[in-house]
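If you want the building blocks of each chain, they are given just below.
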Amino acid sequence: MDWLQRMNSAMEYIETNLTDKISYDDIAQIACCSTYHFQRMFPFITGITLSEYIRRRRLTLAAFELQTTNAKVIDIAMKYGYDSPEAFARAFKILHGIIPISARDKGVSLKAYPRMSFHISIKGDVEMNYRIEQRGPFEMFGVYGLINLDMKTAFSEVPQFRVKCDDDGSVDLMNELLGRFGDTVLHAALYDHTGESFKYMICYNLPKGLEIPERFTKLSVQALTWAIFPEPQCDLQKLWERIYSEWFPTSEYEQVDGPSFEMYYGMAVNVTGEIWIPVKKK
């Protein structure tokens, strides 16, 4: 219940500050976690990024004002944080499909995104296995692509990127450098998160002394504490969602800055997996 109250208080802060500057640090403080953890957790729980949720709420209220008041478009644009009518018009059209002034036309269709709130959801008693481990620094190498932080988009972009790495020979070359069979599955790193995207790297541990071609990138990982979640069936998409919606809210841990990993083991036809997330005690 405490977690629900904190999350709903964070949503209340957002709602009461939609016409002011919203501090991500203040949101996280209300939710009693770090800013990094809140920004990583929010998309997995809600399906959209924190910045996108705020944008949708502001443009929803802006549309209401356009329809129900005689306020100038430029005044409404400034009220909801847009520096110019042009920037406001672009954002408004992306969401609503029309320019702001057309919102006052009779019979026009607009989108309304309601305020978000969190409630208890009673689910089946499905256990979640995990372990906490400390690991010293290590290095990975591989190839990466930029992935949208929106979960629906990310879960379609990631498989496309993995296919691309198979098709362009990156996976075969990495396995050749490592002295492994070509269809041995490699790991994946998720890192350098911004408010809108992150890097997804097909990677593996870098052996000492191995010279890698320029097409590959090194990723240095500092000593961290890891929460590790095994998934024998390799349904990592569902596991990601359960970690953030079920495990973190009830655990004594929160995520810290650093890469997360999808660790894959075995051959392509018979693979198991784990998710590694860097954490600290709250």
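Scroll up for the structure.
Keep in mind the model is a prediction, meaning the values are calculated, not measured. Residue indices begin from 1 for each chain and proceed along its sequence in written order. Totals for whole chains, interfaces and linings use every residue, but because this is a predicted model, local features are given only for residues with pLDDT of at least 70 and side-chain atom pairs only at 80 or more, for both listing and counting. Side-chain numbers here rest on the full set of heavy atoms in the structure, without hydrogens or water.

A.B. asks: With reference to specific residues and values, describe the overall build of the protein.
C.D. replies: Helix and strand assignments follow DSSP, with helices taken as H or I runs no shorter than four residues and strands as E runs no shorter than two, numbered in order from the N terminus. Within the protein one finds 9 helices and 9 strands. For the C-alpha atoms alone, the extent of the protein along its principal axes is close to 70 × 45 × 30 Å. For the protein, with 282 residues in total, the buried portion stands at 46%. Computed with a 1.4 Å probe, the accessible areas rest on the Shrake-Rupley method; for each residue, only the protein chains presented here act as cover. Here the protein has roughly 14900 Å² of accessible surface; of this, 51% comes from carbon and sulfur atoms. If the 31 positive side-chain charges of the protein are averaged to one point and the 37 negative ones to another, these points end up 5 Å apart. Only protein chains enter the calculation, and the probe is 1.4 Å; a residue is then buried if its accessible area is under 20% of its type maximum, exposed if over 50%, and partly exposed in between. His is not counted, nor are the chain ends; Lys and Arg add positive charge and Asp and Glu add negative charge. Taken as the charge centre is NZ of Lys, CZ of Arg, CG of Asp or CD of Glu, depending on the residue.

A.B. asks: Kindly report on the pattern of salt bridges, identifying the contributing residues and their values.
C.D. replies: Any two side chains of opposite charge can pair if their charged atoms end up close together. We count a salt bridge whenever a side-chain nitrogen from Lys or Arg sits within 4 Å of a carboxyl oxygen from Asp or Glu. Within the structure shown, the criterion is met by 13 salt bridges. Here Lys79 ties to Glu65 by a salt bridge, and the two come within 2.6 Å at their closest N and O atoms. Here Glu65 lies in helix H4 (residues 50–68) and Lys79 lies in helix H5 (residues 73–79), a separation of 14 residues in the sequence. Taken together, the shared-partner salt bridges connect Arg131, Glu133, Arg135 and Glu274 into one network.

A.B. asks: Outline unusual backbone geometry, supporting the account with residue identities and numerical values.
C.D. replies: Positive phi, normally seen in glycine, also occurs at Cys32, with a value near 60 degrees. Locating Cys32 in the fold gives a position in the loop between helix H2 (24–30) and helix H3 (35–46). Of the residues examined, Cys32 reaches a relative accessible area of 48% and is grouped as partly exposed. One non-glycine residue, Asp192, lies in positive phi territory at about 50 degrees. Along the chain, the position of Asp192 falls in the loop between strand E3 (187–191) and strand E4 (197–205).

A.B. asks: Tell me what's going on with the nonpolar core, and back it up with residues and numbers.
C.D. replies: Note on soluble globular proteins: their nonpolar side chains tend to be buried together. Nonpolar core, defined: a set of buried Ala, Val, Leu, Ile, Met, Phe, Trp, Tyr and Cys residues in which side-chain atoms within 4.5 Å join the residues together. If you look at the biggest cluster of nonpolar residues, it comprises 61 residues, and the most contacted ones within it are Met11, Ile14, Phe38, Phe42, Tyr200, Ile243 and Ile277. Once residues within four sequence positions are removed from consideration, Ile243 is found in contact with Met128, Phe229, Phe248, Pro249, Ile275 and Ile277. Counting residues in hydrophobic clusters, the runner-up holds 15 residues, among them Leu219, Val221, Val256 and Trp276. Any two residues whose heavy atoms approach within 4.5 Å at even a single point are treated as in contact.

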